[in-house]
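Reading the structure
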Amino acid sequence: MFRNYLIIAFRNLKKNKTFSLVNIVGLAIGMSASLLILHYVSFERSYDRYHENADRIYRLRYERTDGSGASVRFASCCPPAAARIRGNYAEVEKIGRMLKSEASASYQDKVFKEERMFYAEPDILSILKIDFITGDPPNAISQPNQAIFSRSTAARYFGDEDPIGKIISIDKKNDYQIVGIFEDTPENTHLKIDILLPWENLAKMAGPEYTEAWGHTGSYTYLIAAPGTDPLAFEKKLSKLIETEIPELKDYNITIDLRMQPLTDIHLTSHFMQEFEANGNRDSVDTLFIIAIFIMIMAWVNFINLSTARSINRAKEVGLRKVVGASRRQLMVQFFYEIILTNILSAALAIGLISLALPFFTGLTGVPLDYSLWTQNWFWYTLAVMFGVGVLFSGFYPVMIMSSFEPTTVLKGQLGSSPKGIVLRKALVVFQFAVGLVLVIATFIVFEQLSFMRNQQLGFSMEQTLVVRAPRVRDNTYGAKFDSFKQTLLQRTDIEKISHVTEVPGRQIYWDNGGIHRAGQDAKEGKNYQIVGVDYEFAGLFELEFVAGRNFSPEFPSDEGSLILNETAVRFMGFENPDSAIGQKVDYWGEIFPIIGVLKDYHQQSLKEAFEPHLFRFMPYGRGPRGMMAMKVNVEGVQETISAVRTKYNEFFPGNSLDYFFLDDYYDQQYKSDELFGKVYGLFSMLAIVVIALGIYGLSAFSVAQRTKEIGIRKVLGASVSRILGMLTKEFALLVLIANVISWPVAYYAMKGWLDGFAFRTSMGPETFVLAGLSILLIAGLTVSYQVINAALANPVDAIKYE
């Protein structure tokens, strides 16, 4: 019996090639597109879940709120917090802290700029999952001047040599012995580590001025909470700790809070100051997940529509089978065999399509190849669920319809399309069009916003700007060396200007202080401001515009103790306008600074972020080892320019490796996640439209086949091809119109919510919605027209003989 059912199923698929092909291809595209999206979603949601006790690991964050309610939120914590919490709270099993250090590391004649190097307490090794290849994990960084390397970092320095026992130098100041090697941290973690050094060394170098300073940040603190711990209740306990440790905060009307952030939430929800890297976006990932579901639903809707439409053609078959003794149960089994076979072929084709698309998809999304789709359990479970739900969900209704035909009715030729069936098919088509319209509208708006951000005036010049990170290895002659380095390079015709700054545009400013207020005001009026250390050339090199006052100038020696504000800072301090701020004084934690100039607001960060209040201090050589050298260069022969800069850099700052980037590339990194979302969203929206088009193609083919004789008669009576085309396409045009009415409000509110995440955003004009509607109408029209024109151009004699 099984063999007979299978043979008949194959025969029916072969007999109706067009419908079978549309069903199989539509389901395969739906499955493959959905599974690829879910592959990306799965990777984004997998961050940091590989750690043992991941559900109980938290990152302790620092927040500072001023009297106005404005808050500055950090990804890191204040250094003393971990030491005060350790052993004093039952809610915490273990706690450890880390500090990221960007330094020059050297071994013999090899020098590398390390950006993933951390000073860490030993407890970090038992809180986070770090897989050791060699070494003793409990004691690896328990003693000063020890170091542990990742596998790839060890290979960079030592090649095939055994690294254990080797000595490296950090900033030519301190030597460390390699005592362990660990596996490279995976891509799906927010915390990527190359080198770990003992916290004890940091404590000796920085002293209590840092390790005991509650006002400092940069100490990334991780803890394992005891089972059953309520994070919010524990945060309230920590608030009391802050009140005890820093009672003077009340005098400045400043509140400090320590926040518990779940480790597994960091990648998709954390966008604070001092993040290790640009994190993902939960809303974008959730949106793609929803798209994956809708693409699959639309593929199933296609199947239901085509199967129920075809049911009329198979009515006589059902009638004859019932006459010769087939029961309804046997007919249902037969039809389910056909549906199962269709889904099996679709699943097989989907796996083939995924295999072909996977290299392109991983390159587009950045999902690493070692996060293999084929080894993920969820993939096979989801494929099985798609198959099972597809068979039941998309097969149940068509099977019930076809198996319910009465033989006396169908054999007399009295069976017509059920009005309820027609209404259902039209409703499903409207649903498909509405979903397609929402996706198209959203795609247009996403790309409009990306274009808006790309083309918006930023308020500063970043073209032809080469940025070199200031050297870490330096002594008290650094200022004189930099001046000589600068003058030497300015003698070249391909370098126009050089400026030394603490931060260039392209990310949130690291240096932040609260409690700053106008001189003479109560200290409780103080607010949070971001600080930038600059020199004389800063404003000119970046072509910043002064709206009041002037720039720092060597003609005024007192400028070294003065400030320049931006327009937002002027408003924060309560001045009526920029001109009224000139000559006024600012109380900067007891130091008094006069204001000499006001800069027009410029976009320090991407257009997602609002303007922040900036204070510019005269600091021509940076702040400690932090800083950047910005250079305006001629883009012609840029490699020769970089080579010359490297030569002079090595000459003036030996022991440092040249680390440089171009500002436009650096700035554009902020848009990377949004552009990726736009590309992925656009690609799969297009695939969703393809699925819709396949369904329309199949339905229009069926509709034309049903009306072949009518078309022939109309042609004999003189109807033109265009008239026949209009008659048969107006039904689909009406469905598109109804879908527009449904989809426009949905798309508007959905995209308004998305755009609200941008401080500076494009507007949603009616032309976007009209264009999307016309696009769907055009796709539907072309798909239907192909079938109609073929039928209308056929010989009417053959059409009249049809059936």
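The paragraphs below set out a description of the structure included in this document. None of these values were measured; they are calculated from a predicted model.

Section: the pattern of salt bridges
- Under the definition given, this model contains 37 salt bridges.
- Residue D512 pairs with R64 through a salt bridge whose shortest N-O separation is 1.9 Å. Taken as a pair, D512 in strand β14 (residues 512–518) and R64 in strand β1 (residues 57–65) lie far apart in primary sequence, 448 residues in all. In this structure, D512 and R64 share a single accessibility class: buried.
- As a salt-bridge pair, D475 and K481 come within 3.8 Å of each other at their nearest N and O atoms.
- Exposure remark for D475: the relative accessible area of 41% places this residue in the partly exposed category.
- Taking the relative accessible area as the measure of exposure, K481 reaches 30% and is therefore partly exposed.
- Put simply, R61, E63, R73, E235, D257 and R259 are held in one network by salt bridges that share partners.

Observations regarding the environment of L734
- Position of L734 among the secondary structure elements: in helix α24 (residues 721–755).
- Residue classification places L734 among the partly exposed positions, given a relative accessible area of 49%.
- Between the C-alpha atoms of L734 and L777, which are 43 residues apart in sequence, the distance is 9.6 Å.

Notes on the state of the cysteines
- Across all of its chains, the model carries 0 disulfides by this definition.
- Cysteine C77 is unpaired, with the sulfur of C78 as its nearest cysteine sulfur at 4.0 Å.
- By relative accessible area, C77 is classed as buried at 0%.

Points about the sheet that holds strand β21 (residues 628–633)
- Overall, antiparallel pairing links the 4 strands, which are arranged β13-β21-β12-β22 in an open sheet. The open sheet terminates on both sides in strands that have one partner only, identified here as β13 (495–501) and β22 (660–662). Neighbour-to-neighbour, the strand axes of the sheet open up by a mean angle of 20°, direction not taken into account.
- The sheet contact formed by strand β12 (residues 465–469) and β21 spans 5 bridges and is antiparallel. Note that in β21 the partner of L466 across the bridge is M631.
- Across the face of the sheet, helix α16 (residues 478–490) comes into contact with β13 and β21 while running at roughly 160° to β13.
- Here helix α20 (residues 638–652) sits on the sheet in contact with β12, β13, β21 and β22, set at roughly 25° to β12.

A short note on the side chain of S32
- Locating S32 in the fold gives a position in helix α2 (residues 17–45).
- For S32, a relative accessible area of 7% corresponds to the buried category.
- Setting aside anything within four residues of it in sequence, one finds S32 in contact with A350, L353 and I354.

Criteria and thresholds
Residues numbered from 1 in each chain as written. Predicted model: local features only at pLDDT ≥ 70, side-chain atom pairs only at ≥ 80, totals over all residues. Heavy atoms only, no water. Salt bridge = Lys/Arg side-chain N within 4 Å of Asp/Glu carboxyl O. Helix = DSSP H or I, 4+ residues; strand = E, 2+ residues; numbered from the N terminus. Buried < 20%, exposed > 50% of the residue type's maximum accessible area, 1.4 Å probe, protein only. Disulfide = S-S within 2.5 Å. Pairing = 2+ DSSP bridges. Axes fitted to C-alpha atoms, helices over the stretch in contact; angles between N-to-C directions. Contact = heavy atoms within 4.5 Å.

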